[in-house]
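Structural features, examined
Each chain, letter by letter, is given below.
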Amino acid sequence: MNRISKRQQAINSIEEELTKESSKKRKQDTRRKILLGAYLISKMRADPNLEQKVMAELEQFLDKEIDRQLFGFS
């Protein structure tokens, strides 16, 4: 019984570590997206031609109505 308990504890520990790592990666990915977006917005404000190009491409890229509304494409 004790052996099974130790195995289960080891499995639980590994699962917990995997969950933590997965969460960390998701947070890092979200942070990258936010920083990239902030950078791009800054560049677009400084260059109207870039803004026009990015917005035209973004309009083609977005397919969910809720996302399109966020950028005023509806």
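Quick summary incoming for the structure in this document. (Residues numbered from 1 in each chain as written. Predicted model: local features only at pLDDT ≥ 70, side-chain atom pairs only at ≥ 80, totals over all residues. Heavy atoms only, no water.)

Let us look at the overall build of the protein. Check the secondary structure of the protein and you find 3 helices and 0 strands. Relative to its length of 74 residues, the protein is extended, with a C-alpha radius of gyration of 22 Å against a globular reference of 11 Å. Oriented by its inertia axes, the alpha-carbon framework of the protein measures out at about 70 × 25 × 15 Å. Counting over 74 residues, the protein shows a buried share of 8%. By element, 55% of the accessible surface of the protein is carried by carbon and sulfur atoms, the whole surface being about 7,000 Å². If you average the places of the 16 positive and of the 12 negative side-chain charges in the protein, the two averages end up 11 Å apart. (Helix = DSSP H or I, 4+ residues; strand = E, 2+ residues; numbered from the N terminus. Rg over C-alpha atoms; globule rule 2.2 N^0.38 Å. Buried < 20%, exposed > 50% of the residue type's maximum accessible area, 1.4 Å probe, protein only. Areas by Shrake-Rupley, 256 points an atom, 1.4 Å probe, with all protein chains shown as cover. Lys, Arg positive; Asp, Glu negative; His and termini not counted. Charge placed at Lys NZ, Arg CZ, Asp CG, Glu CD.)

Quick look at the packing of helix α1 (residues 2-46) against helix α2 (residues 48-61) now. Look at α1 against α2: their axes get within 5 Å of each other, and the N-to-C directions meet at 125°. When the axes of α1 and α2 are compared, the pair comes out oblique. Along its contact with α1, which presents Leu 40, Lys 43, Met 44 and Ala 46, the element α2 presents Pro 48, Leu 50, Glu 51, Val 54 and Met 55. A breakdown of the residues in the contact of α1 with α2 according to their chemical character gives 7 nonpolar, no polar and 2 charged. (Axes fitted to C-alpha atoms, helices over the stretch in contact; angles between N-to-C directions. Parallel < 35°, antiparallel > 145°, perpendicular 65-115°, else oblique. Contact = heavy atoms within 4.5 Å. Nonpolar A, V, L, I, M, F, W, Y, C, P; charged D, E, K, R; others polar.)

Before going further, it helps to spend a moment on a nonpolar patch on the surface. Among the surface-exposed residues, Leu 36, Tyr 39 and Leu 40 lie close enough to one another that they form a single nonpolar patch of about 310 Å² accessible area. Considering the arrangement of structural elements, one finds Tyr 39 in helix α1. (Patch = residues over 30% accessible without salt bridge, like charges linked within 9 Å, V, L, I, M, F, W, Y side chains within 5 Å. Salt bridge = Lys/Arg side-chain N within 4 Å of Asp/Glu carboxyl O.)

In this structure the tally under the stated criterion is 4 salt bridges. The partner of Lys 33 in a salt bridge is Asp 29, with the nearest N and O atoms 3.1 Å apart. Taken together, the residues span about one helical turn, with Lys 33 and Asp 29 both in helix α1 at a distance of 4 residues.

In this section: α2. With 14 residues, α2 extends 20 Å between its outermost C-alpha atoms, agreeing within 8% with the 20 Å of an ideal straight helix rising 1.5 Å per residue. Of the residues flanking the start of α2, the one acting as N-cap is Asp 47, its side-chain oxygen 3.0 Å from the backbone nitrogen of Asn 49. (Expected span 1.5 Å × (residues − 1). Polar contact = N/O pair within 3.5 Å; in protein donor to acceptor, adjacent residues only side chain to side chain.)

Each aromatic ring pair is summarised here by two numbers: the centre-to-centre distance and the angle between the ring planes. Taken as a whole and assessed by the stated rule, the structure comprises 1 aromatic pair. For the pair Phe 71 and Phe 73, a centre-to-centre distance of 6.3 Å together with 20° between the ring planes defines the contact as stacked. Residue Phe 71 is classed as partly exposed on the basis of its relative accessible area of 39%. On the accessibility criterion, Phe 73 (17% relative accessible area) is buried. (Phe/Tyr/Trp six-rings, centres within 6.5 Å; stacked < 30°, edge-to-face > 60°.)

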